[in-house]
Amino acid sequence: WLSESSPVKCIVMEGAGGKAFCAGGDVADVRTQLIEGGSLPQDFFYEEYQLNYKIAKAYEEKGIVQMSVWDGVTMGGGVGLSLHGKIRIATENTLFAMP
């Protein structure tokens, strides 16, 4: 994550490819691994929630502003990653969904 001497003052998050804003997790694979007893579900959600926490604390601890651009389908972990930010921009193409 960011060091104390990092010059970063703003994090801008947007979806790749202009189609969606999501965390990119494969929900079907997570479900399959859960049924089969694999560690993917625990690992996936642990990592996602750790990142959510770091983003949430970035402003409080380091004064880093987070801005999220929602363009296209905005769902699941993408919403979670961006809710803590001070600035969220939705375009005319934004459509909210949950997996």
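All values derive from a computational prediction rather than experimental measurement.

Peer 1: Give a detailed account of the sheet that holds strand β4 (residues 73-75), specifying residues and quantitative values.
Peer 2: Strand order in the open sheet formed by three strands is β2-β4-β6, and the pairing between neighbours is parallel. Every interior strand has two partners, whereas the edge strands, β2 (20-21) and β6 (95-97), have only one. For β2 and β4, the ladder comprises two bridges, and the chain directions are parallel. Paired with F21 across the strands is T74, a residue of β4.

Peer 1: If you had to explain the side chain of T74 to someone new, which residues and values would you point to?
Peer 2: Within the secondary structure layout, T74 lies in strand β4. T74 has contacts with F21, V79, T94, L95, F96 and A97, leaving out every residue within four places of it along the chain.

Peer 1: Residues and numbers for the packing of aromatic side chains, please.
Peer 2: Taken as a whole, this structure holds three aromatic pairs when the rule is applied. Between W70 and F96, the ring centres sit 5.0 Å apart and the planes meet at 85 degrees, which makes this aromatic pair edge-to-face. Note that W70 is positioned in strand β3 (residues 65-70) and F96 in strand β6, a separation of 26 residues in sequence. A relative accessible area of 49% places F96 in the partly exposed class.

Conventions used here
Residues numbered from 1 in each chain as written. Predicted model: local features only at pLDDT ≥ 70, side-chain atom pairs only at ≥ 80, totals over all residues. Heavy atoms only, no water. Pairing = 2+ DSSP bridges. Helix = DSSP H or I, 4+ residues; strand = E, 2+ residues; numbered from the N terminus. Contact = heavy atoms within 4.5 Å. Phe/Tyr/Trp six-rings, centres within 6.5 Å; stacked < 30°, edge-to-face > 60°. Buried < 20%, exposed > 50% of the residue type's maximum accessible area, 1.4 Å probe, protein only.

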